[in-house]
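# Reading the structure
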Amino acid sequence: MIARRQRTDDRGQKPAGSEAPTADGLAADLLNAAVAATAQLLTFNQPADAALSAFFRARKSGAKDRAFIAETAYAVLRRKRLLERLAACGPNLEPSFLAPGATPKRAPKTPGARRISPRELVLLSLSRVRGMSQRQLENALMPGEAEWLAEIRRQPEPELTLAEQLDFPDWLVERLAPRMPAEELLALARALNTPAPLDLRVNTLKAEREDVIKRLAADNIAATPCPYSPLGLRLKTKPYLAKHPAYLDGSIEVQDEGSQLLGLLLAPKRSEMVVDFCAGAGGKTLILGALMRSTGRLYAFDVSDKRLAKLKPRAARAGLSNVHPACLSGENDTRVKRLQGKVDRVLVDAPCSGLGTLRRNPDLKWRQSPQSVDELSAKQAAILAAAAKLLRPGGRLVYATCSILAEENEAIVDAFLAAHADFHRLSAQEILAAQGIVIDCGEDMRLSPQQHGTDAFYAAVLERAK
Ligand SMILES: C[S@@+](CC[C@H](N)C(=O)[O-])C[C@H]1O[C@@H](n2cnc3c(N)ncnc32)[C@H](O)[C@@H]1O
């Protein structure tokens, strides 16, 4: 089963949950494969899900092995800083150490002074983070590795810096710490460093939530209603759904509950003209189309032809005939200009750092940088300004990201409102309450995994004066 990077929603396929090794313990081949996969992910040459897909294309494995390999590699990405620190406390695990009778090299005095190998990270992750016992590991270990693990276990627990406790890069902690008490930051990091559950959205054009629960239960898939979204289901396991009849007939989509709430915030009505400005592969487009009951006109804009191409079959499966995808040359494309002042509702699901989705995409914290965030902020401001011009007087725009950084969130919206006197904020919490959704999320909606059980999302609802 391929673990796909699931930004905030999307696709019918998810990695299975971590698979325990057999009663005989972990096999050496499987451990070696997990190390090889981890090494590829740690190059950060491409998104982790793409790197894993490439790995599994080259190395055919059964579903359980894939799940183990994916979960092992992702676990290292989640706790890389802690694991590096622990490894640095022990002797080097180097080929010379593996020779029978060789003496372990002592660790250098300064942590981080040597490069910790992917194998060391994987071994420590399995033993310290995932709690595998020496017995479960022993068949898979190379000579000397059991002693190496034991030696590290004997070391006193290192005193961790805040950034190490959070397992975030320093630059990120520097941006978050001034805005959040340490306790809150630790709770956020703990939640973001924990794998996410699998959420589904029921497509109400095709099915009722209760019926879907029964259909899934018939296949031994336990699903319960999500706490907030009236369309959402949360699964206890991560089954392979891409071939499930309820997926194939368009009754369900994989979508984080937070993403569902973004659609409900925009609340498009039947027969309206709506623009999903950054539609990508259409995760949000599909919920908007369903809320519009497949009536009106729903433009799905994006600058990526490749992403938009994935939307067409998804819309067909969902039974939507109101979706009009269009690839833009940029936010000031002539198609955008032609619609200025005419559109009822606009969703800007802005390109962002994705740091709110670390539960699913732990590589992002190591792949983003202060420079990439600055570039994204400039892009977000330009997209919001262009998208807002589409709105008719009285129209509604939702600006959203899956970022936890103020620079990508309220700073963009505050600057926009300061420069556009004809726009004002609406209360996200009130808009959701009017739909019977009781949620403590603030005026601008802020969702977090530790409080709401969703990915971390930000959304501001703006209205153009009538
Ligand atoms: C957060 S993703 C959208 C995810 C999508 N809404 C979904 O639910 O699956 C942001 C998208 O913005 C697109 N994008 C980047 N720059 C853009 C621009 N100037 N105008 C429109 N879309 C843009 C990216 O190609 C990307 O697909």
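Scoring rules and cut-offs
- Residues numbered from 1 in each chain as written.
- Predicted model: local features only at pLDDT ≥ 70, side-chain atom pairs only at ≥ 80, totals over all residues.
- Heavy atoms only, no water.
- UniProt positions renumbered as here; feature names shortened; annotations may be inferred.
- Helix = DSSP H or I, 4+ residues; strand = E, 2+ residues; numbered from the N terminus.
- Rg over C-alpha atoms; globule rule 2.2 N^0.38 Å.
- Buried < 20%, exposed > 50% of the residue type's maximum accessible area, 1.4 Å probe, protein only.
- Contact = heavy atoms within 4.5 Å.
- 1 Å grid on protein atoms, 1.4 Å probe; cavity = no way out; pocket = protein on both sides within 12 Å on 5 of 7 lines; lining within 4 Å.
- Points joined across faces, edges and corners; volume = space filled by probe spheres on them.
- Nonpolar A, V, L, I, M, F, W, Y, C, P; charged D, E, K, R; others polar.
- Domains from an automatic or database assignment.
- Buried area = accessible area lost by both parts, 1.4 Å probe.
- Salt bridge = Lys/Arg side-chain N within 4 Å of Asp/Glu carboxyl O.
- Polar contact = N/O pair within 3.5 Å; in protein donor to acceptor, adjacent residues only side chain to side chain.
- Near = heavy atom within 4 Å.
- Areas by Shrake-Rupley, 256 points an atom, 1.4 Å probe, with all protein chains shown as cover.
- Expected span 1.5 Å × (residues − 1).
- Phe/Tyr/Trp six-rings, centres within 6.5 Å; stacked < 30°, edge-to-face > 60°.
- Pairing = 2+ DSSP bridges.
- Axes fitted to C-alpha atoms, helices over the stretch in contact; angles between N-to-C directions.

- An unreviewed UniProt entry annotates the protein chain as Fmu (Sun) domain-containing protein originating from Sulfuritalea hydrogenivorans sk43H.
- Check the Sequence similarities (unreviewed entry) section of the UniProt entry for the protein chain; it says "Belongs to the class I-like SAM-binding methyltransferase superfamily. RsmB/NOP family."

### What about the overall build of the protein chain?
- Secondary structure summary: the protein chain contains 22 helices and twelve strands in total.
- Against the globule reference of 23 Å for 466 residues, the protein chain gives a C-alpha radius of gyration of 24 Å, in line with a compact fold.
- For the C-alpha atoms alone, the extent of the protein chain along its principal axes is close to 80 × 50 × 40 Å.
- Across the 466 residues that make up the protein chain, the buried fraction comes to 58%.
- Long-range pairs, those at least 24 residues apart, make up 74% of the contacts in the protein chain between residues at least 6 apart in sequence.

### Topic: the layout of surface pockets
- Empty space within the second largest pocket amounts to approximately 430 Å³.
- Met 180, Glu 184, Leu 188, Ile 404 and Arg 446 are the residues nearest the centre of the second largest pocket, which is lined by 19 residues in total.
- Counting residues per element, the ones that place at least two in the lining of the second largest pocket are helix 11 (182-192), strand 11 (445-447), helix 22 (449-452) and strand 12 (457-464).
- Of the residues contributing to the lining of the second largest pocket, the split by class is ten nonpolar, five polar and four charged.

### Thoughts on the domain arrangement of the protein chain
- Per the domain assignment, the segments of the protein chain are domain 1 (28-159) and domain 2 (257-464).
- The straight-line distance from the C-alpha centre of domain 1 to that of domain 2 is 39 Å.
- Contact with domain 1, which involves nine residues of that partner, is made by eight residues of domain 2.
- Interface area for domain 1 against domain 2, summed over the two sides, is near 780 Å², with a carbon-plus-sulfur share of 61%.
- The interface formed by domain 1 and domain 2 holds zero salt bridges in total.
- Here domain 1 is connected to domain 2 by four residue pairs in polar contact (both at pLDDT 80 or more).
- Counting only elements with at least two residues in the side of domain 1 that touches domain 2, the list comes to helix 3 (63-78) and helix 4 (80-89).
- The biggest single contributor to the side of domain 1 that touches domain 2 is helix 3, with three residues.
- Here the side of domain 1 that touches domain 2 is built from residues that sort into five nonpolar, one polar and three charged.

### Some points on the side chain of Asn 193
- With respect to the helices, strands and loops of the structure, Asn 193 is situated in the loop between helix 11 and strand 1 (198-202).
- When near neighbours in sequence (up to four residues on either side) are disregarded, Asn 193 contacts Arg 78, Arg 79, Leu 166, Asp 167, Phe 168 and Lys 365.

### Examining the site of the ligand
- Lys 284, Asp 302, Arg 307, Glu 331 and Asp 349 are the nearest of the 19 residues found near the ligand.
- Contact between the ligand and Arg 307: an oxygen atom at 2.5 Å from a side-chain N or O atom of the residue.
- Note that a nitrogen atom of the ligand is positioned 2.7 Å from one of the side-chain N or O atoms of Asp 349.
- Relative to its unbound accessible area of 600 Å², the ligand is 92% covered by the protein chains.
- Its residues assigned to classes, the shell around the ligand comprises seven nonpolar, four polar and eight charged.

### Describing the UniProt feature "domain: SAM-dependent MTase RsmB/NOP-type" (unreviewed entry) in the protein chain
- Per the UniProt annotation, the sites labelled "domain: SAM-dependent MTase RsmB/NOP-type" (unreviewed entry) are residues 188-465.
- Counted over residues 188-465, helix gives 36% and strand 23%. Its end C-alpha atoms are 36 Å apart.

### A closer look at helix 1 (residues 28-41)
- Over its 14 residues, helix 1 extends 20 Å from the first C-alpha to the last, a length consistent with the 20 Å expected when each residue adds 1.5 Å.
- Buried residues of helix 1: Leu 30, Leu 31, Ala 33, Ala 34, Val 35, Ala 37, Thr 38 and Leu 41, and no others.

### Some remarks on empty space enclosed by the protein
- Counted under the stated rule, the structure contains two cavities of 30 Å³ or more.
- Taken as a whole, the second largest cavity encloses approximately 30 Å³ of empty space.
- Forming the boundary of the second largest cavity are Leu 86, Cys 89, Arg 128, Ile 152, Gln 155, Pro 156, Glu 157 and Pro 158.
- Considering only residue class, the lining of the second largest cavity consists of five nonpolar, one polar and two charged.

### Observations regarding the packing of aromatic side chains
- Counted according to the given criterion, the structure contains four aromatic pairs.
- Ring centres of Phe 277 and Phe 301 lie 5.9 Å apart, and the angle between their planes is 80 degrees; on these two criteria the pair is classed as edge-to-face. With a gap of 24 residues between them, Phe 277 in the loop between strand 5 (273-276) and helix 15 (283-291) and Phe 301 in strand 6 (residues 297-302) connect regions that are remote in the sequence.
- Among the residues examined, Phe 277 registers a relative accessible area of 4% and is labelled buried.
- For Phe 301, a relative accessible area of 1% corresponds to the buried category.
- Taken together through their ring pairs, the aromatic side chains of Phe 277, Tyr 299 and Phe 301 make up a single cluster.

### Overview of the UniProt feature "active site" (unreviewed entry) in the protein chain
- When the UniProt feature table is mapped onto this chain numbering, "active site" (unreviewed entry) sits at Cys 402.
- Tracing the backbone through its elements, the reader meets Cys 402 in the loop between strand 9 (391-401) and helix 20 (410-419).
- You can call Cys 402 buried: its relative accessible area is 3%.

### Comments concerning the sheet that holds strand 1
- With antiparallel pairing, four strands are arranged side by side in an open sheet as 2-3-1-4. Edge strands, defined here as strands with exactly one partner in the open sheet, are strand 2 (223-225) and strand 4 (252-254). For this sheet, the mean inter-axis angle between neighbouring strands, taken without regard to orientation, is 35 degrees.
- The sheet contact formed by strand 1 and strand 3 (residues 232-235) spans four bridges and is antiparallel. Residue Leu 200 lies in a different strand from strand 3, and its bridge partner there is Leu 233.

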